[in-house]
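As a plain string of letters, each chain reads:
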Amino acid sequence: MDNLARALPQNRPYVIGIYIRLSKEDDDVAIGTFKRESNSITNQRMMIMDFIQGVPEFVGATIIEKCDDGYSGKQLDRPGFMELIELARKQEIDCIIVKDFSRFARDYIEIGDYLEQIFPFLGIRFISINDH
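Draft legend 1. Region of interest: the pattern of salt bridges. Applying the stated rule across the entire model yields five salt bridges. Between Arg45 and Glu65 there is a salt bridge whose closest N-O contact spans 2.7 Å. Note that Arg45 is positioned in helix H1 (residues 39-53) and Glu65 in strand S2 (residues 62-69), a separation of 20 residues in sequence. The salt bridge involving Arg103 is made with Asp100; its shortest N-O contact spans 3.7 Å. Here Arg103 matches Asp100 in class, with each residue buried.

Take a look at the structure:
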């Protein structure tokens, strides 16, 4: 079944979950500064939002952001990641967009399980911008 053709409940917009992650915070995020997140997180968000704005089928979509700043991609028990996967399991999102596969997870076997089994079963489209 084509993920975009999946029947949505009436009055429910298309929902995109964006996921942003960085292993180590930038040096410019320090105690006592007003900066709340690393530059990489900000740049990932901008890249994903620019991508979404360039895709006509995403016009009017609801966007939910989940972020793990300072978490390793080797483990999947990251707070933002777990929230995103829970939304996916509840079928409350239609599409997940990340900058690249390494932001989602570092274990390519686990990535493969999500891409080839879990997300297709749930009818969720997955887009990794830099990995085409």
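Draft legend 2. Examining unusual backbone geometry more closely. Phi is positive for Gln91, close to 55°, though the residue is something other than glycine. One can find Gln91 in the loop between helix H2 (79-89) and strand S3 (95-98).

How each quantity is defined
Residues numbered from 1 in each chain as written. Predicted model: local features only at pLDDT ≥ 70, side-chain atom pairs only at ≥ 80, totals over all residues. Heavy atoms only, no water. Salt bridge = Lys/Arg side-chain N within 4 Å of Asp/Glu carboxyl O. Helix = DSSP H or I, 4+ residues; strand = E, 2+ residues; numbered from the N terminus. Buried < 20%, exposed > 50% of the residue type's maximum accessible area, 1.4 Å probe, protein only.

This is a description of form; function is not addressed.
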